[in-house]
Amino acid sequence: MPVIAQKLGALTLSLLREMGRMLNFILYALYMIVRSPCKPFHTLKQLHFIGAKSFFVIFLTASFTGMVLGLQGYYTLAKFGSEGLLGSAVALSLIRELGPVLSALMVTGRAGSAITAEIGIMRISEQIDALQTMALEPFKYLVSPKVLASLLVLPLLCAIFDVVGIYGGYLVGVKLLGVNPGAYYNEMVKSVEWKDIFSGIVKSLSFGLIISWVCCYKGYHAGHGAEGVSRATTAAVVMSSVLILIWDYFLTSVLL
Amino acid sequence: MIKLENVTKSFDGQVVLDRLNLHVPHGKITAVIGPSGEGKSVLLKHMIGLLRPSSGQVIVDGEDISRMGRSQLNRVREKFGMLFQGAALFDSMTVFENVAFPMEEKTRLSRAEIGKRVHEALEQVGLKGVDRKYPDELSGGMKKRVGLARALLLNPRIILFDEPTTGLDPIICRAIHQLIKDSHARFGFTAVVISHEIPEIFDISDRVAMLHRGKILEVGTPEEIQRSEHPAVRQFITGSIEGPIQFV
């Protein structure tokens, strides 16, 4: 029994230490954004990489998510004779929930893993050390631009996801299943309120922070060799995805 | 001047540096020799604050850098240049961008001036026409020379060379040694060179320190070290298999 308690204690302590390190990491990255503005070129590059290059995957995922919502929503609503509410069902599901969460998960898979791998390789090949020996702050070049770009880009990608998804639902509901287009649009406009959009923005902003935080941290502290980087990349993607879902639940319960 | 006082460093319980003392005099070239895997690079990283000692002090120009915060440490690092064992070039930048990078970030020189200096530095290390190549298109020796050009470009007051000639052919090796010697004569920087190139390293260094089992066994002029009676130093210099240094 004492051995188990000892192991549990050690595990808790190491978990707390890791959490402390992670907190320090993001606070310093945010401080660097404010204190010494990121180089415009580095931030633009990250906006392009995390944002523009994710457009296609977001477009594709959003189209099919909207189309599936259209199909499933119609099937459910038809049972109650409320097919006219399809627009509002699709829009609310996307704006409040699926848009922020799925766009964040897609960005994690596409850009988050690449961020971890890039920083991890720079760590193991001493490129980060080289920056430090030049008396340059690695956070300014490697971490802060990515955090800033993620914060700016995630709400935009989420908005694109919502619009494309709503149109996907429209295509299936109206063009394929014969829902009245006026009803689809009007019910959507009637039911979506500012607070729904606000909750989507807050969620995607916080997801942007989670992705860049976890992925940069894991890369920055990658272990040795190719295996260390691969392990860091896997951990970053898994941890970001899980945190996004957990944080989504808490935010939903607060913002509902 | 760099002074390491009772520096101990351990990784996961394994002691790499063991109450090590070393004094690197101002304006001299100090070579650190010793068997592979004995912590020479770890020692070098302590001098520039990339690693912090588990205990002991690292004093650079009278300031203990082992307990400094980031910004203070960066102020001290302004004095340094460093060539890494694996060159540590930025792999997403071309050779030109790699060498120009510290100058672009730390000076207000015009692009034309930076370009001129970068080309001069690359010529000095015997590299011409590789400006647009990426590090993964270069051989190990070429990477090292690019790293050397980058380290020398800002004329730092202290330069740390981590095996600057390992993996290079004898002609380039001699040329690099000559370059270090000439640059030192011209700019008078303090240098610490980690090397296995024996006896060549004795030609360029003012002092030689032998590191073994986490301690400095002996420090002296190249002549003193070559005359040393210490069995481990003798074994290392002569490259003998028999002796106190175990290679397995």
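None of these values were measured; they are calculated from a predicted model. (Residues numbered from 1 in each chain as written. Chains lettered and ligands numbered in written order. Predicted model: local features only at pLDDT ≥ 70, side-chain atom pairs only at ≥ 80, totals over all residues.)

## Some thoughts on the overall build of chain A
- Across its full length, chain A holds nine helices and zero strands.
- Going from N to C terminus, chain A has its helices and strands arranged as α-α-α-α-α-α-α-α-α.
- Structurally, chain A occupies a C-alpha span of about 65 × 55 × 30 Å along its principal axes.
- Taking the intrachain contacts of chain A between residues at least 6 apart in sequence as the baseline, contacts between residues at least 24 apart amount to 87%. (Helix = DSSP H or I, 4+ residues; strand = E, 2+ residues; numbered from the N terminus. Contact = placed C-beta atoms within 7 Å.)

## Section: the sheet that holds strand S10 (residues 215–220) of chain B
All names here are of chain B.
- The strand order S6-S7-S8-S3-S9-S10 describes an open sheet built from six strands, whose pairing is mixed. Strand pairing shows two members of the sheet lacking a second neighbour, strand S6 (80–83) and S10, which therefore form its edges. On average, each strand axis in the sheet is inclined to that of its neighbour by 15°, with strand direction left out of account.
- Across four bridges, strand S3 (residues 29–33) lies against strand S9 (residues 207–212) in parallel orientation. Looking at S9, one finds that Val32 is bridged to Ala209.
- Those strands touched by helix H1 (residues 40–47) are S3, strand S7 (158–162), strand S8 (190–194) and S9, and its axis lies near 155° from that of S8. (Pairing = 2+ DSSP bridges. Axes fitted to C-alpha atoms, helices over the stretch in contact; angles between N-to-C directions.)

## A closer look at the domain arrangement of chain B
All names here are of chain B.
- Structurally, chain B comprises domain 1 (1–79 + 156–248) and domain 2 (90–155).
- Here the C-alpha centroids of domain 1 and domain 2 sit 25 Å apart.
- At the interface, eleven residues of domain 1 touch eleven residues of domain 2.
- In terms of residue count, helix H6 (residues 170–187) provides more of the side of domain 1 that touches domain 2 than any other element does, six residues in total. (Domains from an automatic or database assignment.)

## Observations regarding the sheet that holds strand S5 (residues 63–64) of chain B
- One open sheet accounts for four strands, arranged S2-S1-S4-S5 (chain B); its pairing is antiparallel. Only two strands of the sheet have a single partner each, and these edge strands are strand S2 (14–24) and S5 of chain B.

## Notes on the nonpolar core
- By size, the foremost hydrophobic cluster in this structure holds 128 residues, and its most contacted members are Cys216(A), Val99(B), Ala149(B), Leu160(B), Phe161(B), Val192(B) and Val193(B).
- Per-element accounting of this core gives the leading share, 15 residues, to helix H6 (residues 138–176) of chain A.
- Built from parts of two domains, this core gets at least three residues from each of domain 1 (1–79 + 156–248) and domain 2 (90–155) of chain B.
- Ignoring sequence-local partners within four residues, the contact set of Val193(B) consists of Ile29(B), Ala31(B), Phe161(B), Pro164(B), Ile180(B), Ile201(B) and Ser205(B). (Core = buried A, V, L, I, M, F, W, Y, C linked by C-beta atoms within 7 Å. Buried ≥ 20, exposed ≤ 12 C-beta atoms within 10 Å, placed from the backbone.)

## Quick word on the environment of Leu142(A)
Residue and element names in this part refer to chain A.
- Looking at the element boundaries, Leu142 is found in helix H6.
- The class of Leu142 is buried, set by 23 C-beta atoms lying within 10 Å.
- Sequence separation between Leu142 and Tyr185 is 43 residues; the distance between their C-alpha atoms is 44 Å.
- Residues contacting Leu142, with those up to four places away along its chain left out, are Ile119 and Met122.

## Quick look at the packing of helix H4 (residues 86–124) of chain A against H6(A)
Residue and element names in this part refer to chain A.
- Where H4 meets H6, the closest approach of the two axes is 7 Å, and the angle between their N-to-C directions is 145°. In this structure, H4 meets H6 at a crossing whose hand is right-handed.
- Counted by class, the contact of H4 with H6 contains 19 nonpolar, five polar and two charged residues. (Left-handed = near helix turned anticlockwise from the far one by under 90°. Nonpolar A, V, L, I, M, F, W, Y, C, P; charged D, E, K, R; others polar.)

## Some points on the interface of chain A and chain B
- At the interface, eleven residues of chain A touch 13 residues of chain B.
- Here the residues of the side of chain A that touches chain B are counted per class, giving four nonpolar, four polar and three charged.

## Let's talk about the packing of helix H3 (residues 55–79) of chain A against H6(A)
All names here are of chain A.
- Two elements in contact, H3 and H6, have axes whose closest approach is 7 Å; the angle formed by their N-to-C orientations is 40°. The pairing of H3 with H6 is recorded here as oblique in orientation. By crossing handedness, the relation of H3 to H6 is classed as right-handed. In contact with Ile58, Phe59, Ala62, Ser63, Phe64, Thr65, Gly66, Met67, Leu69, Gly70, Leu71 and Tyr74 of H3, H6 contributes Leu157, Ile160, Phe161, Val164, Gly165, Ile166, Tyr167, Gly168, Gly169, Leu171, Val172 and Gly173.
- Of the residues contributing to the contact of H3 with H6, the split by class is 16 nonpolar, eight polar and no charged. (Parallel < 35°, antiparallel > 145°, perpendicular 65-115°, else oblique.)

## A word on the environment of Arg150(B)
Residue and element names in this part refer to chain B.
- Relative to the assigned elements, Arg150 resides in helix H5 (residues 140–153).
- Overall, Arg150 belongs to the buried group, with 29 C-beta atoms counted inside 10 Å.
- For the pair Arg150 and Glu97, spaced 53 residues apart in the sequence, the C-alpha separation amounts to 10.0 Å.
- With residues up to four places along the chain from it excluded, the contact list for Arg150 reads Asn98, Val99 and Pro102.

## As for the pairing of S8(B)
Residue and element names in this part refer to chain B.
- Where burial is concerned, most of S8 is hidden: five out of the five residues are buried.
- Of the two faces of S8, both are covered, the one formed by Thr190, Val192 and Ile194 as well as the one formed by Ala191 and Val193.
- Where S3 lies against S8, four bridges are found, and the strand directions are parallel. Looking across to S8, one finds that Val32 is bridged to Ile194.
- Where S7 lies against S8, five bridges are found, and the strand directions are parallel.

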